Structure formats: C-alpha cells, structure tokens
Amino acid sequence: DMFFKSRVVVRIFKTLILFVGFFLSAAVNSQTTSEKRTFVAAAQDYPPAMVICCPSWMNLDLLLKKEIKPLTEAEAEFAFSGPAREFISELAIRMDHRLKWKLETFSASISSVKDGSVHLVPWVYSSKERMEFMRFAGPVNVDSAAVYFLINKKKHGDIVEFKDLYGLKLADEKDVLTTPEIDDNPKLNILRFNSRIEALDAVLNGSADALIDSNLQRLLQIKKQGRAATLAVATFRFSYERPIYIGISKKSVKEDDAVRIDQLIEEMFSDGTIRMIYKSYDLPIPKYHAEMSVLRALKSKTE
C-alpha cells in the first residue's frame, strides 16, 4: 500500500514537472513570437509581378478608397498573387520576420516608405531623389520595358512617332518613374495625379489627352473591362531597359538589414528559388546582375 502511494506521488510530481515545462515553453515561444519583427510591404496591381485578385478597376477604386488594415500573409493569399508576393514572402522568412501587406496606390506607398509605415516596396526603379529616403536591394530583374500611351484616336489622332507627344497633356501617377527620356523631357507636358485611376479619369473627362503606362498588360486589362472603351493604345511606344529593385525604407529598416536583404536576393537566385517562383507562374526566369547592385556600389565608395 505504501509502495502504491509513493508511486502515485512520483506520478503527480512528474506530471507537475511536465506542466511547468509546458507553460515555460509556451511562455518562451509567446515571448519569441512577440519579439519577432514585422515587415510591412506595399502591394499594387502590377501584372504579372503582382495581380490583384479582383482586377476590376471599379472594384479596385473602391478598395483603395477604404481604410484597409495591413493584410496578413494568409489574407494576402485571397487578395493578390504573383512572383513579387512570393519573392517578398520568402525574404521575410529568411530574415525571420513576420510579414503584412498594405494595399495602396504606388504614390501612397512612396509616401508610406518616406514616413516609415511601409518597409518594403517591390518592383521599383532607383533614382537620386528616391535614394534620399530609400535603399535599393537587388536588382530582382532587368526590365526590357516600354512606355505606352492610351489615347482617344478619334479626338487626337494616333501617336506614331516621338514628336507626336509634343503639345499633348500626358497623364501619369505621381511619383511613378518610367525612363528619364520621358519623365525628365522638358518638351513633354506630364500631369501627375494621386493614383492611376485619377490619371485615367482625367483622360476620359478631357482634362488630359493620353495616359502614360509602362505596363501593357494593365492597359489592355483596362480596355478589356470597358473602363476605357473610347481609348486605344497608340502605335508609338518608347522602349527602354532599366533594373528593378526592392525599395527599402531608410526610416524603418536598418542599413545592415538592407544589406542582408540584398545578399539574400543573390542567394535566392543562386539556390534556384527565383527559378522555381517564376516557373510556377509560367513566366520568363530573370537573371541576376550583381554589377547593378546599388547597395554594393555605395558600400564600395565608402570603403
């Protein structure tokens, strides 16, 4: 009987130890989770890199006008897709950060990077002005792109060569870059709007003549949805090449972390991650260009 009682006491003691161990482990895990840093990344409709799940511009317009809290990774699964989302998600995992997505216009995301409320902006061009508040990791791709123009041909005629742009009021989103030959050309009259939707509306209501866009898929998507049924893509387009980066907020991300992101991007190219991401979307696989790394160029100048 005494032997039985002693065994019961030992069992109870062991059970208490297990419970204490469980709660201590839970407390440590909870503390680790709470201490885990979070990246907030910007998301826009930029096919095929990022595609909003419901690409109706009317719906997107309403969506952007609402105050939307940043989306968790699980919520982002139902909001948008594309290699840019996979790319940033993998970076966050390798940096051991949680990730949230902020759905907003490109112009709004640039302001958010300035004030530090957004840490990362996928798929951006570097510029001297942006370097004041942003670091650039990558490049993630070298964009063989073109500037396209959406115009009412019945009203203005077609654009068939560069000089046809002279005298036109060209609408574009604020803070968006294409190529200096267009953006910084003193002979071109470019009007800037808070969103691409506002720029399109300006063309539709006659306060601007043509919409500038470097994303042909997006323009064709607008046409397909009937939002711009009276407009057509001009014959002329201006081709250019420019490296694309991950923009990183100087205000909310330390330089060491930015350099680490830059290193991880090269690692993702060399270990086949980028190949796998792009292959899953049936898209051309980009090559890594170490010689175009802005962060390394700046670092070598300071050393």
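Here's a quick rundown of the structure. (Residues numbered from 1 in each chain as written. Predicted model: local features only at pLDDT ≥ 70, side-chain atom pairs only at ≥ 80, totals over all residues. Heavy atoms only, no water.)

## Section: unusual backbone geometry
Moving on, step 1. Here the residue pair Pro 47 and Pro 48 is connected by a cis peptide bond, since its omega of 0° sits within 30 degrees of zero.
Moving on, step 2. On the secondary structure map, Pro 48 appears in the loop between strand E1 (38-43) and strand E2 (51-52).
Moving on, step 3. Note the cis peptide between Gly 138 and Pro 139, where omega equals 15°.
Moving on, step 4. Along the chain, Pro 139 falls in strand E7 (residues 134-151).
Moving on, step 5. Within the chain, Trp 123 stands out as a residue other than glycine whose phi angle is a positive 60°.
Moving on, step 6. Within the chain, Asp 175 stands out as a residue other than glycine whose phi angle is a positive 75°.
Moving on, step 7. For Asp 175, the position within the fold is in the loop between strand E8 (169-173) and helix H7 (180-183). (Helix = DSSP H or I, 4+ residues; strand = E, 2+ residues; numbered from the N terminus.)

## Some thoughts on the environment of Phe 149
Moving on, step 1. Its place among the elements puts Phe 149 in strand E7.
Moving on, step 2. As for Phe 149 and Leu 170, which are separated by 21 residues in sequence, their C-alpha atoms are 8.5 Å apart.
Moving on, step 3. Each residue touching Phe 149, except ones within four places of it in the same chain, is listed here: Ile 159, Leu 165, Leu 170, Ile 182, Leu 211, Ile 212, Ala 232, Val 233, Ala 234 and Phe 236. (Contact = heavy atoms within 4.5 Å.)

## Comments concerning the packing of helix H4 (residues 83-94) against helix H11 (residues 273-280)
Moving on, step 1. Between H4 and H11, the shortest axis-to-axis distance is 9 Å and the interhelical angle comes to 145°. The crossing of H4 and H11 is right-handed. On H11, the residues that touch Pro 83, Glu 86, Phe 87, Glu 90 and Arg 94 of H4 are Thr 273, Ile 274, Ile 277 and Tyr 278.
Moving on, step 2. Split into classes, the residues belonging to the contact of H4 with H11 amount to 5 nonpolar, 1 polar and 3 charged. (Axes fitted to C-alpha atoms, helices over the stretch in contact; angles between N-to-C directions. Left-handed = near helix turned anticlockwise from the far one by under 90°. Nonpolar A, V, L, I, M, F, W, Y, C, P; charged D, E, K, R; others polar.)

## Some details on the packing of aromatic side chains
Moving on, step 1. In this structure the tally under the stated criterion is 9 aromatic pairs.
Moving on, step 2. On the basis of an interplanar angle of 80° and a centroid distance of 6.0 Å, the ring pair of Phe 162 and Tyr 166 is categorised as edge-to-face.
Moving on, step 3. The class of Tyr 166 is partly exposed, set by a relative accessible area of 35%.
Moving on, step 4. Judged by centre distance (6.1 Å) and plane angle (90°), the rings of Phe 162 and Phe 236 are edge-to-face. Of the two residues, Phe 162 is situated in the loop between helix H6 (153-156) and E8 and Phe 236 in the loop between strand E11 (232-233) and strand E12 (238-249); the sequence distance between them amounts to 74 residues.
Moving on, step 5. By way of ring pairs, the aromatic residues Phe 149, Phe 162, Tyr 166, Phe 236 and Phe 238 are connected into one cluster. (Phe/Tyr/Trp six-rings, centres within 6.5 Å; stacked < 30°, edge-to-face > 60°. Buried < 20%, exposed > 50% of the residue type's maximum accessible area, 1.4 Å probe, protein only.)

## Concerning helix H5 (residues 106-115)
Moving on, step 1. Those residues of H5 not exposed but buried are Phe 106, Ser 107, Ser 109, Ile 110, Ser 112 and Val 113.
Moving on, step 2. Directly after H5, the chain includes Gly 116, whose backbone phi takes a positive value near 90°.

## What about the side chain of Glu 173?
Moving on, step 1. Position of Glu 173 among the secondary structure elements: in strand E8.
Moving on, step 2. Classification of Glu 173 as buried rests on a relative accessible area of 4%.
Moving on, step 3. At 3.4 Å, the side chain of Glu 173 and the backbone nitrogen of Arg 196 are in polar contact.
Moving on, step 4. In contact with Glu 173, other than residues within four places in its own chain, are Thr 105, Phe 106, Ser 107, Arg 192, Phe 193, Asn 194, Ser 195 and Arg 196. (Polar contact = N/O pair within 3.5 Å; in protein donor to acceptor, adjacent residues only side chain to side chain.)

## Quick notes on the pattern of salt bridges
Moving on, step 1. Evaluated as defined, the whole model comprises 15 salt bridges.
Moving on, step 2. The partner of Glu 173 in a salt bridge is Arg 196, and the shortest N-O contact between them spans 3.8 Å. Of the two residues, Glu 173 is situated in strand E8 and Arg 196 in helix H8 (residues 196-204); the sequence distance between them amounts to 23 residues. In terms of burial, Glu 173 and Arg 196 fall into one category: buried. (Salt bridge = Lys/Arg side-chain N within 4 Å of Asp/Glu carboxyl O.)

## A word on the packing of H4 against helix H10 (residues 255-270)
Moving on, step 1. H10 packs onto H4 with a crossing angle of 115° between their chain directions and a minimal axis gap of 10 Å. For the crossing formed where H4 meets H10, the hand is right-handed. In this structure, H4 uses Phe 87, Glu 90, Leu 91 and Arg 94 to contact H10, whose residues at the interface are Ile 261, Leu 264, Ile 265, Glu 267 and Met 268.
Moving on, step 2. In terms of residue class, the contact of H4 with H10 is made up of 6 nonpolar, no polar and 3 charged.

## Some remarks on H11
Moving on, step 1. Residues Thr 273, Ile 274, Ile 277 and Tyr 278 constitute the buried set of H11. Along the axis of H11, the buried positions cluster into a sector of 125°, meaning they face one direction only. Along H11, the residues that are exposed and aim more than 90 degrees away from the buried face are Met 276, Lys 279 and Ser 280.
Moving on, step 2. Structurally, H11 contributes buried residues whose contacts are with H4, strand E6 (120-124), E7 and H10.
Moving on, step 3. Asp 282 sits one or two positions beyond H11 and adopts a positive phi of about 55°. (Arc of directions from axis to C-beta.)

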